[in-house]
Amino acid sequence: MARSVREDEEAHHDVSGVTMTGDVQIRTLREQSNQAIAAHDADRTVSFMAPDIVVGVAGGPTLNGRVASREAVAEQFADKAFVTYVRTIEQITLADPMRATERGRWVGRWRLKSGIHEQGGQYVAEWRFSEMGWLIHSETFFEA
């Protein structure tokens, strides 16, 4: 049975009973979000995002909201050539206990007849802490 996005958030963002710093929590959530993308699970992928997320796609449009983001990732996952996106954290800066900025590198991979094609660059993400734990409020991706 498919779970709702809210149920997915609760299942994947539960840090109760675990003492972790915001930095460690965000690193853990980023790894889980990379796993969701690798599994081509659109609902789980967007469960890490705030409902009002803004995503600046490298060389593409700006996506406003979780619904638009889900539609975009579902379309990407339907592409038989698409393999995955991996975001690798280089730095997390906690502005205060409720806000953090993540900077890093991203790479996308597609399986083409000529072999694996990669495209990537840098990204910046803003995280905010809420009753659901840390959620991504904005992400901007830049091509290298």
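See the structure above.
Residues numbered from 1 in each chain as written. Predicted model: local features only at pLDDT ≥ 70, side-chain atom pairs only at ≥ 80, totals over all residues. Heavy atoms only, no water.

**As for the overall build of the protein**
Consideration 1: When helices and strands are counted, the protein shows 4 helices and 6 strands.
Consideration 2: Its helices and strands in sequence order give the protein the pattern α-α-α-β-β-α-β-β-β-β, from N to C terminus.
Consideration 3: Within the protein, the fraction of its 144 residues that count as buried is 40%.
Consideration 4: Considering only contacts within the protein whose residues lie at least 6 apart along the sequence, 52% involve residues at least 24 apart.
Consideration 5: Entry remark: accessible area of the protein is about 8000 Å², with carbon and sulfur atoms responsible for 53%. (Helix = DSSP H or I, 4+ residues; strand = E, 2+ residues; numbered from the N terminus. Buried < 20%, exposed > 50% of the residue type's maximum accessible area, 1.4 Å probe, protein only. Contact = heavy atoms within 4.5 Å. Areas by Shrake-Rupley, 256 points an atom, 1.4 Å probe, with all protein chains shown as cover.)

**Remarks on the pairing of strand 5 (residues 115-130)**
Consideration 1: As paired elements, strand 4 (residues 99-112) and strand 5 share 14 bridges and run antiparallel to each other. Looking at the pairing, Val107 lines up with Gly120 of strand 5.
Consideration 2: With 10 bridges connecting them, strand 5 and strand 6 (residues 133-143) associate as antiparallel partners. Opposite Tyr123, over in strand 6, you have Phe141 as the bridge partner.
Consideration 3: If you look at the hairpin formed by strand 5 and strand 6, you'll find 2 residues sitting between the two strands. (Pairing = 2+ DSSP bridges.)

**Focus: the pattern of salt bridges**
Consideration 1: As enumerated under the stated definition, the model contains 8 salt bridges in all.
Consideration 2: Notably, a salt bridge pairs Arg70 with Asp43, separated by 2.6 Å at the nearest N-O pair. Note that Arg70 is positioned in helix 4 (residues 66-78) and Asp43 in helix 3 (residues 42-46), a separation of 27 residues in sequence.
Consideration 3: When its relative accessible area of 31% is taken as the criterion, Arg70 is described as partly exposed.
Consideration 4: Assessed through its relative accessible area of 23%, Asp43 is described here as partly exposed.
Consideration 5: Note that Arg128 and Glu126 form a salt bridge whose closest N and O atoms lie 2.7 Å from each other.
Consideration 6: A single network of salt bridges, built from pairs that share partners, joins Arg30, Arg87, Glu102 and Glu139. (Salt bridge = Lys/Arg side-chain N within 4 Å of Asp/Glu carboxyl O.)

So yeah, pure geometry; function would need other evidence.
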